[in-house]
Amino acid sequence: MKRVGIIGGVGPASTLDYYTGIIDGYRAKNGGDSYPEIVINSIRMDEVSSLVQNKDWDALTDKLVSAVNDLANAGADFAAITANTLHIVFNEVEKRSPIPLISIVDETCKRAGSEGCRKVLVIGTLFTMQNDLYQKAFGKYGIKAVVPPKKEQEEIHGLFFPNLENGIVVPDDKRKVLEIVEKLIKEQNADALVLGCTELPLMIKEGDVDVLILNTTEIHIGSIVDSI
């Protein structure tokens, strides 16, 4: 059995989802009460957020490479970064990683392809929406990815902090997000909604919109379980 390494802490609520999700997924797949060894490197969200806000991609890459090295030294056989936004520098981190990494972006694109998606709406943090993170990746799979206009991007991003990042779902915030995405799904004729932030599944659930929901957290966890 392979030992799983995860870079967590960004944020704490989604890190908990990964931990329990990997255990539940492994048990569902293999039966019994056993579960894999999981090494968690919980990095500081405030430090990482500062690097992202300043677009200091080199320093962010160095920090994540260091975090991966710590996981490898702790015996992890492969690793995953539990945040969509940090995948802005995934390719550079992967090049310097001593162990294999599983990308939340690539795995989400693969799932969308298997579901027959042709056009998806991506929501997440401002940095995820503005840096073509998913747009470029989906393009490789022949799928068009669209993001909200700038004003709506800022509105959605503003609802993440501090509540959702700490696992707190405010009903009025959820209503505002759903109003935005429902309007855009109709305007763009999108056939799926990508929850491009690992905290968004705490807020948006199956049945909240009339199209397929691509829960990046759930997809990522499933791929981790399949790699054990």
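Remember, predicted model here, so these are calculated numbers, not experimental data.

### Considering the nonpolar core
Alright, step 1. Counting 29 residues, the largest nonpolar core has Val120, Tyr134, Phe138, Leu214 and Ile224 as the members making the most contacts within it.
Alright, step 2. Listed by contribution, the elements that provide at least two residues to this core are β1 (4-8), α1 (12-30), β3 (78-81), α5 (104-114), β5 (119-124), α7 (133-139), β7 (192-196) and α10 (216-227).

### Regarding the pattern of salt bridges
Alright, step 1. Under the definition given, this model contains 14 salt bridges.
Alright, step 2. One salt bridge connects lysine 151 with glutamate 155, and the closest N-O pair in it is separated by 2.6 Å. Of this pair, lysine 151 and glutamate 155 both sit in helix α8 (residues 150-158), four residues apart, which is roughly one turn of the helix.
Alright, step 3. Residues participating in the shared-partner salt-bridge network are Arg44, Asp46, Glu47 and Lys63.

### Quick word on α1
Alright, step 1. Over its 19 residues, α1 runs 27 Å from end to end, which matches the ideal 27 Å to within 8%, given 1.5 Å per residue.
Alright, step 2. Listed as buried for α1 are Ala13, Ser14, Thr15, Tyr18, Gly21, Ile22, Ile23 and Tyr26.
Alright, step 3. Elements in contact with the buried residues of α1: β1, β2 (38-42), β3, α5 and α10.

### Some words on the packing of helix α2 (residues 45-53) against helix α3 (residues 57-73)
Alright, step 1. Relative orientation of the contacting elements α2 and α3 amounts to 150°, with a least axis distance of 8 Å. What the angle tells us is that α2 and α3 run roughly antiparallel. Taken as a pair, α2 and α3 cross one another with a handedness that is left-handed. Across the interface between the two elements, Glu47, Val48, Leu51 and Val52 of α2 pack against Trp57, Ala59, Leu60 and Lys63 of α3.
Alright, step 2. Of the residues contributing to the contact of α2 with α3, the split by class is six nonpolar, no polar and two charged.

### What to know about the side chain of glutamine 135
Alright, step 1. Looking at the element boundaries, glutamine 135 is found in helix α7.
Alright, step 2. Residue classification places glutamine 135 among the buried residues on the basis of a relative accessible area of 18%.
Alright, step 3. A distance of 3.4 Å separates a polar side-chain atom of glutamine 135 from the backbone oxygen of methionine 129.
Alright, step 4. Residues in contact with glutamine 135, not counting those within four places in the same chain, are Met129, Ala145 and Val147.

### A few points about the pairing of β5
Alright, step 1. For β5, the buried fraction is high: five of the six residues fall into the buried class.
Alright, step 2. Bridge count between β5 and strand β6 (residues 144-146): three bridges; the pairing is parallel. Paired with leucine 121 across the strands is valine 146, a residue of β6.
Alright, step 3. Sheet topology places β5 next to β7; five bridges connect them, and they run parallel. The residue of β7 that forms the bridge with isoleucine 123 is leucine 195.

### A short note on the layout of surface pockets
Alright, step 1. Each pocket or cavity is described by its volume, and for the largest pocket that value is around 350 Å³.
Alright, step 2. Along the walls of the largest pocket sit 15 residues, with His87, Asn91, Leu133, Ala137 and Lys140 positioned nearest its centre.
Alright, step 3. Mapped by element, the contributors of at least two residues to the lining of the largest pocket are α4 (90-96), α5 and α7.
Alright, step 4. Taken together, the residues of the lining of the largest pocket break down into six nonpolar, four polar and five charged.
Alright, step 5. Within this model, the second largest pocket holds a volume of roughly 250 Å³.
Alright, step 6. In terms of lining, the second largest pocket is formed by 19 residues, of which the most central are Ser49, Thr85, Thr125, Phe161 and Glu165.
Alright, step 7. Among the elements that make up the lining of the second largest pocket, the one with the highest residue count is α2 (five residues).

### A short note on the sheet that holds strand β4 (residues 101-102)
Sheets are built from strands that pair by backbone hydrogen bonding, the pairs being arranged parallel or antiparallel.
Alright, step 1. Taken together, four strands build an open sheet; the order of strands is β2-β1-β3-β4 and the sheet is parallel. At either margin of the open sheet sits one strand with a lone partner, and together these are β2 and β4.
Alright, step 2. Relative to β3, β1 runs parallel, the two sharing four bridges. Residue pairing for β3: isoleucine 7 is matched across the bridge by isoleucine 81.
Alright, step 3. Lying over the sheet, α3 contacts β1, β2, β3 and β4, oriented at roughly 145° with respect to β1.

Analysis parameters
- Residues numbered from 1 in each chain as written.
- Predicted model: local features only at pLDDT ≥ 70, side-chain atom pairs only at ≥ 80, totals over all residues.
- Heavy atoms only, no water.
- Core = buried A, V, L, I, M, F, W, Y, C linked by side-chain atoms within 4.5 Å.
- Buried < 20%, exposed > 50% of the residue type's maximum accessible area, 1.4 Å probe, protein only.
- Helix = DSSP H or I, 4+ residues; strand = E, 2+ residues; numbered from the N terminus.
- Salt bridge = Lys/Arg side-chain N within 4 Å of Asp/Glu carboxyl O.
- Expected span 1.5 Å × (residues − 1).
- Contact = heavy atoms within 4.5 Å.
- Axes fitted to C-alpha atoms, helices over the stretch in contact; angles between N-to-C directions.
- Parallel < 35°, antiparallel > 145°, perpendicular 65-115°, else oblique.
- Left-handed = near helix turned anticlockwise from the far one by under 90°.
- Nonpolar A, V, L, I, M, F, W, Y, C, P; charged D, E, K, R; others polar.
- Polar contact = N/O pair within 3.5 Å; in protein donor to acceptor, adjacent residues only side chain to side chain.
- Pairing = 2+ DSSP bridges.
- 1 Å grid on protein atoms, 1.4 Å probe; cavity = no way out; pocket = protein on both sides within 12 Å on 5 of 7 lines; lining within 4 Å.
- Points joined across faces, edges and corners; volume = space filled by probe spheres on them.

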